[in-house]
Number of protein chains: 4
Amino acid sequence: MEKLSFASDYQEGAHPKIIERLMATNLERTAGYGLDEYCQKAKEAIKKACAISGDVWFLVGGTQTNAIVIDTFLRPYEGVISADTGHINGHEAGAIEYGGHKVLPIKHKLGKIDAKAIGDYCRDFYSDGNHEHMVHPGMVYLSQPTEYGTLYSLAELEDIRKVCDEFSMYLYIDGARLAYGFGAEENDVTLKDLGRLCDAFYIGGTKCGTLFGEALVIPKKDLIPHFFTMIKQHGALLAKGRMLGIQFLVMFEDDLYLQVGKKAVRLADKIRKALVQKGYRQAYSAPTNQIFVIVANDKLEKLAEEVVYSFWEKYDDEHTVIRLVTSWSSTDEEVERLIAIL
Amino acid sequence: MEKLSFASDYQEGAHPKIIERLMATNLERTAGYGLDEYCQKAKEAIKKACAISGDVWFLVGGTQTNAIVIDTFLRPYEGVISADTGHINGHEAGAIEYGGHKVLPIKHKLGKIDAKAIGDYCRDFYSDGNHEHMVHPGMVYLSQPTEYGTLYSLAELEDIRKVCDEFSMYLYIDGARLAYGFGAEENDVTLKDLGRLCDAFYIGGTKCGTLFGEALVIPKKDLIPHFFTMIKQHGALLAKGRMLGIQFLVMFEDDLYLQVGKKAVRLADKIRKALVQKGYRQAYSAPTNQIFVIVANDKLEKLAEEVVYSFWEKYDDEHTVIRLVTSWSSTDEEVERLIAIL
Amino acid sequence: MEKLSFASDYQEGAHPKIIERLMATNLERTAGYGLDEYCQKAKEAIKKACAISGDVWFLVGGTQTNAIVIDTFLRPYEGVISADTGHINGHEAGAIEYGGHKVLPIKHKLGKIDAKAIGDYCRDFYSDGNHEHMVHPGMVYLSQPTEYGTLYSLAELEDIRKVCDEFSMYLYIDGARLAYGFGAEENDVTLKDLGRLCDAFYIGGTKCGTLFGEALVIPKKDLIPHFFTMIKQHGALLAKGRMLGIQFLVMFEDDLYLQVGKKAVRLADKIRKALVQKGYRQAYSAPTNQIFVIVANDKLEKLAEEVVYSFWEKYDDEHTVIRLVTSWSSTDEEVERLIAIL
Amino acid sequence: MEKLSFASDYQEGAHPKIIERLMATNLERTAGYGLDEYCQKAKEAIKKACAISGDVWFLVGGTQTNAIVIDTFLRPYEGVISADTGHINGHEAGAIEYGGHKVLPIKHKLGKIDAKAIGDYCRDFYSDGNHEHMVHPGMVYLSQPTEYGTLYSLAELEDIRKVCDEFSMYLYIDGARLAYGFGAEENDVTLKDLGRLCDAFYIGGTKCGTLFGEALVIPKKDLIPHFFTMIKQHGALLAKGRMLGIQFLVMFEDDLYLQVGKKAVRLADKIRKALVQKGYRQAYSAPTNQIFVIVANDKLEKLAEEVVYSFWEKYDDEHTVIRLVTSWSSTDEEVERLIAIL
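Conventions and cut-offs
Residues numbered from 1 in each chain as written. Chains lettered and ligands numbered in written order. Predicted model: local features only at pLDDT ≥ 70, side-chain atom pairs only at ≥ 80, totals over all residues. Contact = placed C-beta atoms within 7 Å. Helix = DSSP H or I, 4+ residues; strand = E, 2+ residues; numbered from the N terminus. Nonpolar A, V, L, I, M, F, W, Y, C, P; charged D, E, K, R; others polar. Pairing = 2+ DSSP bridges. Domains from an automatic or database assignment. Axes fitted to C-alpha atoms, helices over the stretch in contact; angles between N-to-C directions. Least-squares fit on C-alpha atoms with pLDDT ≥ 70 in both. Parallel < 35°, antiparallel > 145°, perpendicular 65-115°, else oblique. Left-handed = near helix turned anticlockwise from the far one by under 90°.

Describing the interface of chain A and chain B
Here comes step 1: Tallying the contact residues gives 42 residues for chain A and 42 residues for chain B.
Here comes step 2: Every element with two or more residues in the side of chain A that touches chain B is listed here: helix H1 (16-24), helix H3 (62-73), helix H5 (95-98) and helix H10 (227-233) of chain A.
Here comes step 3: Among the residues making up the side of chain A that touches chain B, the classes are represented as 18 nonpolar, 18 polar and six charged.

Considerations on the pairing of strand S12 (residues 319-325) of chain D
All names here are of chain D.
Here comes step 1: Relative to S12, strand S9 (residues 290-296) runs antiparallel, the two being bridged by seven bridges. Bridge pairing in S12 links Gln290 to Val325.
Here comes step 2: Across five bridges, the pairing between strand S11 (residues 310-316) and S12 is antiparallel. Each bridged residue has a counterpart across the sheet, and for Ser310 the counterpart in S12 is Arg323.

Section: the domain arrangement of chain A
Residues and elements named next belong to chain A.
Here comes step 1: Examined at the domain level, chain A breaks down into domain 1 (4-10 + 258-341) and domain 2 (16-251).
Here comes step 2: Contacts between the two partners involve 15 residues from domain 1 and, on the opposite side, 19 residues from domain 2.
Here comes step 3: Of the residues in the side of domain 1 that touches domain 2, the class split is nine nonpolar, four polar and two charged.

As for the sheet that holds strand S7 (residues 200-204) of chain B
Residues and elements named next belong to chain B.
Here comes step 1: Strand order in the open sheet made by the seven strands is S2-S8-S7-S6-S5-S3-S4, with mixed pairing throughout. One side of each edge strand has no neighbouring strand; the edge strands of this open sheet are strand S2 (55-59) and strand S4 (103-106). Across the sheet, the mean angle separating the axes of adjacent strands is 25 degrees when strand polarity is ignored.
Here comes step 2: Here helix H2 (residues 37-50) sits on the sheet and contacts S2, S7 and strand S8 (214-218); the angle it forms with S2, its principal contact strand, is near 125 degrees.

Some words on the relation of the copies chain A and chain B
Here comes step 1: Each copy superposes on the other: chain A lies on chain B with an RMSD of 0.0 Å after a rotation of 180 degrees and an axial shift of 0.0 Å. Each copy turns onto its partner about a two-fold axis.
Here comes step 2: Interface residue correspondence from chain A to chain B reaches 100%, placing this contact among same-surface, isologous pairings.

Some points on the interface of chain D and chain B
Here comes step 1: Facing the 14 residues of chain D at the interface are 14 residues of chain B.
Here comes step 2: At five residues, helix H10 (residues 227-233) of chain D tops the list of elements feeding residues into the side of chain D that touches chain B.
Here comes step 3: Within the side of chain D that touches chain B, the residues separate by chemical class into five nonpolar, five polar and four charged.

Quick look at the relation of the copies chain D and chain B
Here comes step 1: When chain D is brought onto chain B, the operation consists of a screw motion whose angular component is 180 degrees and whose axial shift is 0.0 Å, with 0.0 Å RMSD remaining.
Here comes step 2: With an isologous cut-off of 70% or more, the 100% of interface residues of chain D that recur at the interface of chain B puts this contact in the isologous class.

As for the packing of helix H12 (residues 256-277) of chain A against helix H14 (residues 332-341) of chain A
All names here are of chain A.
Here comes step 1: Packing of H12 against H14 leaves a shortest axis separation of 10 Å and a crossing angle of 15 degrees. Judged on the interaxial angle alone, H14 and H12 are roughly parallel. Note that H12 runs across H14; the crossing there is right-handed. Every residue of H14 that contacts H12 at Leu267, Lys270, Ile271 and Ala274 is listed here: Asp332, Val335, Leu338 and Ile339.
Here comes step 2: The class makeup of the residues in the contact of H12 with H14 is six nonpolar, no polar and two charged.

So, the sheet that holds strand S3 (residues 78-83) of chain D
All names here are of chain D.
Here comes step 1: With respect to topology, seven strands assemble into an open sheet ordered S2-S8-S7-S6-S5-S3-S4, the strand pairing being mixed. The strands lining the two open edges of the sheet, one partner per strand, are strand S2 (55-59) and strand S4 (103-106). Between one strand axis and the next, the sheet turns by 25 degrees as a mean value, whatever way the strands run.
Here comes step 2: As defined by bridge partners, S3 adjoins S4 across four bridges and the pair is classed as parallel. By the bridge assignment, Ala83 is partnered in S4 with Ile106.
Here comes step 3: Strands S2, strand S7 (200-204) and strand S8 (214-218) of the sheet are contacted by helix H2 (residues 37-50), whose axis makes an angle of about 125 degrees with S2.
Here comes step 4: Packed on one face of the sheet, helix H6 (residues 115-127) meets S3, S4 and strand S5 (136-143) and runs near 170 degrees to S5.

Printed below as a string of structure tokens:
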């Protein structure tokens, strides 16, 4: 029997409906660079779902999207506020600094930062007599869900929006796993809320069931001039751009994007419930598709024989936190096998 | 009847064999970021075809590949010599300068530059008493085929290699349409030659039949430290990296890459022959999959009703150069219809 | 007797009036970073001379000033049009590209480009269907005097201003040797003209009699936000900023800046007149402080025994163009000695 | 009577001996760009004082020097470890990120970081399975004295050197106030120690008595290729480069650099002693030319009538930390007046 794998949400190909559509349209000839009808239709579908009249751009990956947004929205003297655990701060190999911008880290709480901490940072900055010698905060970067699998509530995002307005900062949300945020029971944030509160956010495809691709949403029309040229300059313009449009079009038909998220979180909840019953402790209470379990070190090796998981961090001398991740492709059968093993 | 299209070689999806393989492997779960077995096998196949022991990296697009190569090979004080018509000089939206490097243009002849012109440039540079105030030439960039559809001969490449050695410059070849170069009758350059003569080159996928993707070949092992990190920093690391490996693996089975090129060039030759018979003049004598025909302005509109082509440039007040491009997906039937129309 | 030197205009220290003032004020304690009264007064003097209400900033050197202006005025998708002989294109070691911007070269005529050539470039750009894949022209860079010692007339600058307006480009003038332009008989351009026609220009100090320093003039107030921070980010903020203010204050008292230029050009004219009388040909007809003489190769060595000059370029197999430069510190006596030698 | 000023160590011009020498040499004509004899002699004097055979470069300011060193020493995938209070992390307006490099902050203790904290950071980095997705630590940046006026001991620097060797990192020391470090009683670090332990360090001029200028020392010869070109590219090459050479030549005659430091620290010690006697508390125990006194808020205004000082930070609701700084130009008389006022 094949080993179980809960290592990540980007181990397989695409949702079968996507692959089918790519196959069905394969021999059509269309304009390149995203100027085709599929991209057009997918953009309209997303704009409708977000209740915005602005712009949608399709990009290939998350780091690329973050780098382009930060580089095009910020002026050279501005940096971006992020949780110290934010993806842009630790896990993008310096892509933001490559574009010339400093990440301004704020200490996280379970992967999150709050309006008060952001406001305090800005007040300290502007009350410093030397702040013209310093990098100006120009944007707040959040991940929803966060790198810890946690979620911002609608009230929290509204408070952060207020502090962004107070200090003239953009609000940008990295939604690499957004589908799994929407799929969480405790979630009270919708695409329309993001469309209303953010200056930019992206709807993650790669980790949520596409072959690749992220849909960047900029609610205000024509906010960034020559965005197309900037995508090209960053080496991010896909020649056969319709591949992105087709995938997101499928995702936004019949609410497939929401279904994908719900299924994965339902399975993660099932695992979490079983963990509690079996007496396992969890390192963080994450409501989405990531599970952070504390496992005694002497059990790890045996577990690895049957399940592919990720090492997260050392808990204490005798325990380790491991990460289990469900995805749109996980099955009830796999989850039951996992529970039986744990 | 659908309009004919000879507008470009990236209008359709992927070669059917590629789509089939992506579908067949879709639900497998593998490691991310190109660390899977498909990438491994595809790299081995390419290394074998090039007779090198070095490294192969899969990237998503051509501009991205050019930017990463130039940025990682060159030191900050170095620039890259290119034909003034080179893709990096005019059509990459400043991606090379975004990475901090100057393109050092040399006047082209039908898209090409030669060893003498390159050598003269370098001799002038090093004999200038102020050259430490100037950008040092650190690399020669060529396209094979060029943006004009022309080809470097083996002897020409060998001469350029010599001048690169003389002035300690890297030689890098952009093979966005390499398959169509290999498919040309007059071509005498092989993958093994490129492996022997270049410090880096890429085997183009996007324009030669993959959904996307370029295979960067660096013949000398471990030449560039932490290349993986640099790919990530440039936002170019595909999470589901195996998509690239699978596509190139198919391309290097049963010489599919060569077949793709041969077919497209055979069809282009057929068009060229017909053009001659019908009394058309061609602006350049390109032996690959691009055809540059001079058409009287009063015929253009009627042609456009039946055929999608590209405007290339004004020829004189009464004539225009248009570009027709064949690809792996063009058919004999389409070519015959086109000839009948011309 | 000491060898004569006409090698350049930055071989000595500062005009004696400047050194005296630096000495007289040496022990005063003032605010740093240009926030002192000397800088304030010098800025007011320059604004008055230029008849503008905008901003003046003091920077240390010319390449630095060019890099900061281009980097702060342009958006990332924009490049700067320059004569191919422009200082930024060839002699700043890639400082402009280091900031991420492409120099868009236009073929020069005696160091100059004209409104027609600039307009043609822009029309070609905007009529190219692919121009969103290209670097947008965002600024025109001129040198006054040029690298060839030539001058733009007022009419030429007004025409270039018009083409800048037509294509929404900034006009920026590098005045490294501006004093020597003002000192030329044929000159009809004033500081007030520059204040009226340019979006930015700098009044060169280093080559015109200060120890170091350039005064950047931005006629429109607050055009570039947080310019102070951008100066700091470029490592160009002088802690003891008043050194710059004091020097320019002296330069703008009693028209010293104009006197300096006049004197040097008068001496250069004297040399040029003597050259004509002695039957020398000049490579270019430059009306400022640079002289480009064609000398038979067999005379060069002997000349070098008595005079320090610069090699400019090979003229033909038997002749060389050498450059002689006068400065504020050249004397009539030196010029007469030189004439006697020639 | 003029107000006392202890606001900073860059409020006045240059040490009188420097101004005298600049005046004496003013009309000499020499080669530009630092290729003159004064620079040559000053370099030799510094190399001798540091007991190295490598290279010395003269630059204009501290941020500029930091940016150039970090940009030329590091590869694009590398960042620089610094105390979170390090000048490059907070007060250089993003100059390091402008060059594409991330500052990797470590929590400071009185402005310092130690070998253990650095080693732990590196061990964590290399034991992280994802570290190829992260910025690699390539250099350790220290300030001597630190931004808190504190000093590293020789033993501490030797330990840090060891950890740099262990993890193949460069060690770079910012000596903006190095003279005041050498002048401290507790100091046991010499120029020769720095020459032996560092890969690069700079001997600060601007804050230690020159008009401007920093002497960058790279103990290993030719370590960084084309450093001259890199200086030019960063807009940091002074045309009249001898101004830097002359100043440092004076500084290294008769140990002037050491005398300057000793005098300022003696005066600072005198103030510190008086503060203790008068019952003031100090926020940090700094042994150099900076004094951090805790003052009751209700006394601040009156003090400001007689003394210019810097606000440092809020201490508690009723107290503030102010900074007093002595320099080479402070006098015993001024210090006595200050003590009388306190």
